[in-house]
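Descriptive structure summary
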Amino acid sequence: MSAHGRQVPTGRAGRLRLRRSLATALRGADLLERKLRLLLDRERAERRAAEEAGLVWREQLAEADSWLVRGVMLGGERALAEAVPAGQASIEVQWAALMGVRHPAAVVWTGPVRSPAEPTPSNTALAHAETAYRAAVRAAAEHAARKAAAELLAAEAARTRQRVRVLRRHWIPRLRRELAAVELALEEAEHEEAVRRRWAATHGAR
């Protein structure tokens, strides 16, 4: 019986079973470490993409606000109201999977379409503001998707790291200790059996 209350196999069959268990645990740890590396690499890439999209978002938003102020000063609130298209923007998030982790992989953004009957912005400043706001919304959606992907990947990486830690620090060392104990017991038993046989052979020959 082990210190953890688990029945330790004995004999040659037990040794074979422990060897198989140890080999399985080692392979599992190697696979989990490979998974962890892939998850961390993708997480870093997603965080970089989120930071870049966040910079674009803030820059475009500041530019859009600046143009909007100029446009309203030139054309008034009425010009701003008339420049807003009736249609709405749409955002579609495309999903992918990495090592079993579903996460946002891309964002398809479609801006509002102005019908031929709708008036266009009455001054250049409002036109620039519209362009900048569209870019800001697109970047904001990209930022949100990339950040969400990074968080999902990071959560799975943490779970995987914990599983590797359990295998490397606890399960594998315990299997090695148990295997060593079984092999030592077999070695001693074989030695004792050899001694008995020599004794029997010696005394039987008299």
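An account of the accompanying structure is given in this report. (Residues numbered from 1 in each chain as written. Predicted model: local features only at pLDDT ≥ 70, side-chain atom pairs only at ≥ 80, totals over all residues. Heavy atoms only, no water.)

Moving on, we get to the side chain of Thr-160. Tracing the sequence through the fold places Thr-160 in helix H2 (residues 124–204). We classify Thr-160 as buried; its relative accessible area is 0%. (Helix = DSSP H or I, 4+ residues; strand = E, 2+ residues; numbered from the N terminus. Buried < 20%, exposed > 50% of the residue type's maximum accessible area, 1.4 Å probe, protein only.)

Turning to the nonpolar core, a few remarks are in order. The biggest cluster of nonpolar side chains holds twelve residues, and these are Leu-18, Leu-22, Ala-25, Ala-29, Leu-32, Val-164, Leu-167, Ile-172, Leu-175, Leu-179, Val-182 and Leu-186. For this core, the secondary-structure elements that each account for two or more residues are helix H1 (11–83) and H2. Per element, the largest residue contribution to this core is seven residues, and it comes from H2. Look past the residues within four positions of Ile-172 in its chain and what remains in contact with it is Leu-22, Ala-25, Leu-26, Ala-29 and Leu-167. Counting residues in hydrophobic clusters, the runner-up holds six residues, among them Leu-39, Leu-98, Leu-153 and Ala-157. (Core = buried A, V, L, I, M, F, W, Y, C linked by side-chain atoms within 4.5 Å. Contact = heavy atoms within 4.5 Å.)

A cluster of nonpolar side chains, Ile-91, Val-93, Trp-95, Val-137 and Leu-152, forms an exposed patch at the surface whose accessible area comes to about 420 Å². Going through the elements one at a time, strand E1 (90–98) and H2 are the ones with two or more residues in the nonpolar patch. Among the elements that make up the nonpolar patch, the one with the highest residue count is E1 (three residues). Inspection of the secondary structure puts Leu-152 in helix H2. (Patch = residues over 30% accessible without salt bridge, like charges linked within 9 Å, V, L, I, M, F, W, Y side chains within 5 Å. Areas by Shrake-Rupley, 256 points an atom, 1.4 Å probe, with all protein chains shown as cover. Salt bridge = Lys/Arg side-chain N within 4 Å of Asp/Glu carboxyl O.)

Let us now look at the pairing of E1. Of the pairings in the sheet, the one linking E1 to strand E2 (residues 101–110) comprises nine bridges and is antiparallel in character. In the strand pairing of E2, Leu-98 is matched with Val-101. (Pairing = 2+ DSSP bridges.)

Once the charged atoms of two side chains with opposite charge are near each other, the side chains can pair. The full count for this structure, using the stated rule, is 13 salt bridges. Where Glu-130 meets Arg-134, a salt bridge forms, and the shortest distance between an N and an O atom there is 3.2 Å. Residue Glu-130 and its partner Arg-134 are both found in helix H2; the two are separated by four residues, about one turn of the helix. Its relative accessible area of 22% is what places Arg-134 among the partly exposed residues. Residues participating in the shared-partner salt-bridge network are Asp-30, Glu-33 and Arg-168.

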